[in-house]
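Working through the structure, step by step
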Amino acid sequence: MDNSDVAAVLYEIADLLELQGVAFKPQAYRRAARNIEQLDRPLSEVVAEGKLDEVPGVGEALSKKVQELLSTGELPYLDKLRSEVPEGLVRMLEVPDVGPKTAMLLHQELGVSSVEELKAAALAHRLRGVKGLGEKTEERILQGIKVLESKGGRMLLGEALPMAEEYVEYLKSSQRVDRISVAGSLRRGRDTIGDIDILVGDDDPGAVIDAFAAYPAVEAVLVKGPTKCSVRLDGGTQVDLRAVETKSYGAALQYFTGSKEHNVALRRIGVEMGLKLNEYGLFERDSGRMVAGATEEEVYSALGLAYIPPEIRENSGEVEAARQGRVPELVRLDQVKGDLHVHTDWSDGSDPVGKVLSEATRRGYEYVAITDHSQSLKIANGLTPERLRRQVDAVRKAEDLAGGVVALAGSEVDILPDGSLDMPSDVLNDLDIVIGSVHSRFKMDRAEMTKRVVAAISSGRIDVLGHPTGRLIGQRGPYELDLPTVLGAAAEHGVCVEVNCFPDRLDLRDADCRAAGARGVRVSLGTDSHRVEHMGFIRLGVITARRGWLGPGDVLNTLGASELAKHLRGRRR
Ligand code: DGT
Ligand code: CA
Ligand code: CA
Ligand code: ZN
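This text gives an overview of the structure that appears in the document. (Residues numbered from 1 in each chain as written. Chains lettered and ligands numbered in written order. Predicted model: local features only at pLDDT ≥ 70, side-chain atom pairs only at ≥ 80, totals over all residues. Heavy atoms only, no water.)

**Here's the deal with the site of ligand 1**
Short version of the rule: Proximity is defined per residue: any heavy atom of the residue falling within 4 Å of a molecule or strand makes that residue near it. Contacts described as polar in this section are N or O atom pairs within 3.5 Å, which, within protein, must combine one atom able to donate a hydrogen with one able to accept it, while residues neighboring in sequence count only if both atoms come from side chains. All accessible-area figures derive from a Shrake-Rupley calculation using a 1.4 Å probe, and residue coverage is judged against the displayed protein chains alone. Secondary structure elements are defined from DSSP: runs of H or I of at least 4 residues count as helices, runs of E of at least 2 residues count as strands, and each element is numbered from the N terminus. Three classes are used: nonpolar for Ala, Val, Leu, Ile, Met, Phe, Trp, Tyr, Cys and Pro, charged for Asp, Glu, Lys and Arg, and polar for all others, with Gly counted as polar.
Around ligand 1, the surrounding shell holds 15 residues, and the nearest of these are R154, S185, G194, D195 and D197. Here an oxygen atom of ligand 1 and a side-chain polar atom of R154 are 2.8 Å apart. Within the contact set of ligand 1, an oxygen atom lies 2.5 Å away from a side-chain nitrogen or oxygen of S185. Relative to its unbound accessible surface of 590 Å², ligand 1 loses 71% to contact with the protein. Counting residues per element, the ones that place at least two in the shell around ligand 1 are helix 11 (184-188), helix 13 (249-257) and helix 14 (260-272). In terms of residue class, the shell around ligand 1 is made up of three nonpolar, six polar and six charged.

Structure, rendered in structure tokens:
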């Protein structure tokens, strides 16, 4: 159990207590949980030194529970609470905008005790009759249920990708295997993944299938046969393995990468040419002779198509483009020369500037932008103008010590509800890069929100519009925003739009990236890192940009350090 596991238990206790109508205690549990999360060393160490009760908020009673949890991994008190509260009521807390207080209220007033019942009550407009709730809340809750449903059992790309890579590495190292790749939506890089698909090309796949089923993280083997196996991992993720002969590997990879719609379009082309396409190869319909199959390239080529990268196989114009030999060149990770959105311990990040610069150097970057929050974002310890000026000096000094990597002194400045910026212009003008972001009043109506964002873009003070739609996958939909109008303003004022690479953001999303590219608006890739480990999320942004058909010329941070500086200097002041 690490600190965040312990904190998660305390948060759950707080929710359960609140659902029972217990006063005060929930806040105490949350406070302790927050402080434990923020500790900079393992709780077990603190316990070993007998200093647990020195952690703020952890009193005597709590300290006993935490120790019990750490030593046994269990807590009967939690089990007891869980048994006292209906499970459906707990699941209601997953609906955005439904906290324990609201859930309790709805339970008492309307007898609602599951998400399904909540949805029915909201659709029947029974929520608006409950004191303290109104029409607006009712709409928000319905919207929240929709967001929850849309995520379904899906998992984030940023979670699935490392999980699948680890699995593939394990298979490669434990068994000789001819060919192996991830396939499905994961290979196409969708922002959420239903299940993980892995394809093996080998003429004797028995051993690798056995190894697949014996993977330590497997909780249950669902299906196992000579050419396929499906498992469920601890935590519930399903993984499908398919094995084909090496000579069919390319056709199978094409087939199992999908999308279904893309495959249908390809098969149709095959039919017109008198060919049959399936997961075993491309065959002449009449003679049955195999025309292609070992590689994807030869399959596409035999269909008269240029190779189509997996990320754009969604039947949204790519087949036509490939027929005309006009498949766009897509941006690659190795073309990205720096990260343009990083937080440090000056605001709500946990690492100092120097550590960020070391990580940028380690990644082979030419530059990295330090972009902490501005003062109106109080919970994030946003910087006042004075602190930002001091930070600029600190960034310059750190750059001198860093040995080569360029440190861009920047800010992620709040776009206030009236469209003004949370930092005086003279301070902004001394920065190397400015991201403007909306962090408050998400529920403005469409016209107001659009006006707010366009005002910031037109101010001439920001270089990048940060996480432009504000969506959090599975938690919060995009705010009401007229994106074409925003992109039009960005084009006019030469402002870039961000592809925020954080796994639950990926904002702009793929389709919106494509809209930006079509209007000649460049995107800026930023990880929004709050610790240096997050800087690895950059590849998720690259995948998203690729799904939006963007090439290196559409992405601001493919510029080298000096061209980037020239671009940025030319824009403001
Ligand atoms: P997911 O898992 O929901 O995120 O989406 P996918 O695309 O990974 O779908 P999945 O796992 O059901 O199947 C993997 C691929 O296999 C899919 O992208 C295309 C191919 N595939 C599966 N079923 C069919 C089918 O009935 N027809 C065709 N043409 N292809 C299929
Ligand atoms: Ca899949
Ligand atoms: Ca599958
Ligand atoms: Zn932000």
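**Considering the coordination of the zinc ion (ligand 4)**
In plain terms, the rule: Distances decide who is a donor: an N, O or S atom must be within 2.8 Å of the metal, or within 3.2 Å for Na, K and Ca. Water is not included, so sites may look incomplete. The classification of residues rests on relative accessible area computed with a 1.4 Å probe and restricted to protein chains. Under 20% of the type maximum is buried, over 50% is exposed, and intermediate values are partly exposed.
For the zinc ion (ligand 4), the full set of protein donor atoms is E412 (OE), H439 (NE2) and H467 (NE2), at a range of 2.0 to 2.2 Å. Sequence spacing of the donor residues for the zinc ion (ligand 4), all on one chain, is E-x26-H-x27-H. Of this pair, E412 sits in strand 13 (residues 406-414) while H467 sits in the loop between strand 15 (464-465) and helix 21 (483-493), and the two are 55 residues apart along the sequence. Residue classification places H467 among the buried positions, given a relative accessible area of 1%.

**Points about helix 13**
Of all the nine residues making up helix 13, eight are buried; the element is thus mostly covered by neighbouring parts of the structure. By the burial criterion, the buried members of helix 13 are Y249, G250, A251, A252, L253, Q254, F256 and T257.

**Digging into the packing of helix 20 (residues 446-458) against helix 21**
Definition in use: Axes, fitted as lines to C-alpha atoms, cover a helix only where it is in contact. Angles between the N-to-C directions of the axes lie from 0 to 180 degrees. An angle counts as roughly parallel when it lies under 35 degrees, as roughly antiparallel when it exceeds 145, as roughly perpendicular when it falls between 65 and 115, and as oblique in every other case. Throughout, a contact is declared for two residues whenever any of their heavy atoms are within 4.5 Å.
In the contact formed by helix 20 and helix 21, the axes pass within 9 Å of each other and the chain directions differ by 10°. Compared by their axis directions, helix 20 and helix 21 come out roughly parallel. Mapping the contact onto sequence places T450, V453, V454, I457 and S458 in helix 20 and T485, V486, A489, A490 and H493 in helix 21. Taken together, the residues that form the contact of helix 20 with helix 21 break down as six nonpolar, four polar and no charged.

**Some words on the sheet that holds strand 2 (residues 179-183)**
Filter applied, for reference: Strands are treated as partners if at least two bridges between them are detected by DSSP.
Strand order in the open sheet made by the five strands is 2-4-7-6-5, with mixed pairing throughout. Only two strands of the sheet have a single neighbouring strand rather than two, namely strand 2 and strand 5 (218-224). Along the sheet, successive strands turn relative to each other by an average axial angle of 20°, direction set aside. Pairing analysis gives five bridges linking strand 5 to strand 6 (residues 228-233), with the strands arranged antiparallel. In the strand pairing of strand 6, V223 is matched with S230. Of the strands in this sheet, strand 4 (196-201), strand 5, strand 6 and strand 7 (238-244) touch helix 12 (residues 206-213), which is tilted by about 15° from strand 6. The strands touched by helix 13 are strand 2, strand 4 and strand 7; relative to strand 2, the strand with the most contacts, the crossing angle is about 15°.

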